[in-house]
Amino acid sequence: MKPSKAVNVHSFFNGIGDSIINIFLPVLIMINLGDLFAVMWYIFIRYATSIIVIALLHKVCAKFPIVVLFVNMIPMLLSPILLSILPFTFGLCVLLGILGGIVHGLYYVTMDNF
């Protein structure tokens, strides 16, 4: 598979996965906590963290884009583990927002360099 085709396939599957997470995680927060305020904080923290990651790590990601894509998998794999181990609280929502923002920010700043 050519590199550009691999990037397009990766981008496609990441888009599907990101859409599923963007739909179901706020619903899961709403079901477990029953608080729309927690859902709004999760969304705010996720996108604020994404902006901060993009601003701070843009130059590092430009030098090592493939390494950053692999490092990107760590928070992505850590989120479901935390959901299954920890009790569902507002603190877990904040932690999931931070991890989601790191994944989102690292992915898009890396894809910008291909």
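Residues numbered from 1 in each chain as written. Predicted model: local features only at pLDDT ≥ 70, side-chain atom pairs only at ≥ 80, totals over all residues. Heavy atoms only, no water.

Overview of the overall build of the protein
Phase 1: Across its full length, the protein holds five helices and zero strands.
Phase 2: A compact globule built from 114 residues would reach a C-alpha radius of gyration of about 13 Å, and the protein, at 15 Å, matches this within 12%.
Phase 3: Principal-axis analysis of the C-alpha atoms places the extent of the protein at approximately 45 × 30 × 20 Å.
Phase 4: Taken across its 114 residues, the protein has 32% of its residues classed as buried.
Phase 5: A sequence separation of at least 24 residues applies to 79% of the contacts in the protein between residues at least 6 apart.
Phase 6: Carbon and sulfur atoms make up 78% of the accessible area of the protein, which amounts to about 7200 Å² in all. (Helix = DSSP H or I, 4+ residues; strand = E, 2+ residues; numbered from the N terminus. Rg over C-alpha atoms; globule rule 2.2 N^0.38 Å. Buried < 20%, exposed > 50% of the residue type's maximum accessible area, 1.4 Å probe, protein only. Contact = heavy atoms within 4.5 Å. Areas by Shrake-Rupley, 256 points an atom, 1.4 Å probe, with all protein chains shown as cover.)

Describing the side chain of Thr49
Phase 1: On the secondary structure map, Thr49 appears in helix 2 (residues 36-63).
Phase 2: Apart from residues lying up to four places away in sequence, Thr49 is in contact with Gly97, Ile98, Gly101 and Ile102.

A word on the environment of Phe70
Phase 1: You can see Phe70 is positioned in helix 3 (residues 65-71).
Phase 2: For Phe70 and Tyr107, which are 37 residues apart along the polypeptide, the C-alpha to C-alpha distance reads 9.9 Å.

What to know about the nonpolar core
Phase 1: Listed in full, the ten residues of the largest apolar core are Leu25, Ile29, Ala38, Val39, Tyr42, Leu82, Leu92, Cys93, Leu96 and Leu99.
Phase 2: Elements with a minimum of two residues in this core: helix 1 (3-33), helix 2 and helix 5 (90-111).
Phase 3: Among the elements that line this core, the one with the most residues is helix 5, at four residues. (Core = buried A, V, L, I, M, F, W, Y, C linked by side-chain atoms within 4.5 Å.)

Section: the packing of aromatic side chains
Phase 1: Following the criterion strictly, the structure yields three aromatic pairs and no others.
Phase 2: Here Phe12 and Phe13 contribute two aromatic rings whose centre-to-centre distance is 5.2 Å and whose plane-to-plane angle is 70°, an arrangement assigned as edge-to-face.
Phase 3: Where Phe37 meets Trp41, the ring centres are 6.0 Å apart and the plane angle is 75°; that geometry is what we call edge-to-face. Taken as a pair, Phe37 and Trp41 lie in helix 2 at a separation of four residues, close to a single helical turn. (Phe/Tyr/Trp six-rings, centres within 6.5 Å; stacked < 30°, edge-to-face > 60°.)

A word on the confidence of the model for the protein
Phase 1: Residues at a pLDDT of 70 or more form 92% of the protein, whose mean pLDDT is 84.
Phase 2: The weakest mean pLDDT in the protein belongs to helix 3 at 78; the strongest belongs to helix 2 at 90. (pLDDT = per-residue confidence, 0-100.)

What to know about helix 2
Phase 1: Helix length check: helix 2, at 28 residues, gives a terminal C-alpha distance of 40 Å against a target of 40 Å (1.5 Å per residue), a fit within 8%.
Phase 2: At Leu57, helix 2 shows its strongest bend, of approximately 65°.
Phase 3: Looking at helix 2, one finds that the buried residues are Ala38, Val39, Tyr42, Ile45, Arg46, Thr49, Ser50, Val53 and Cys61.
Phase 4: Put simply, Asp35 is the residue that caps the front of helix 2, since its side-chain oxygen is 3.2 Å from the backbone nitrogen of Phe37. (Expected span 1.5 Å × (residues − 1). Bend = angle between axes of the 7 residues up to and from the residue. Polar contact = N/O pair within 3.5 Å; in protein donor to acceptor, adjacent residues only side chain to side chain.)

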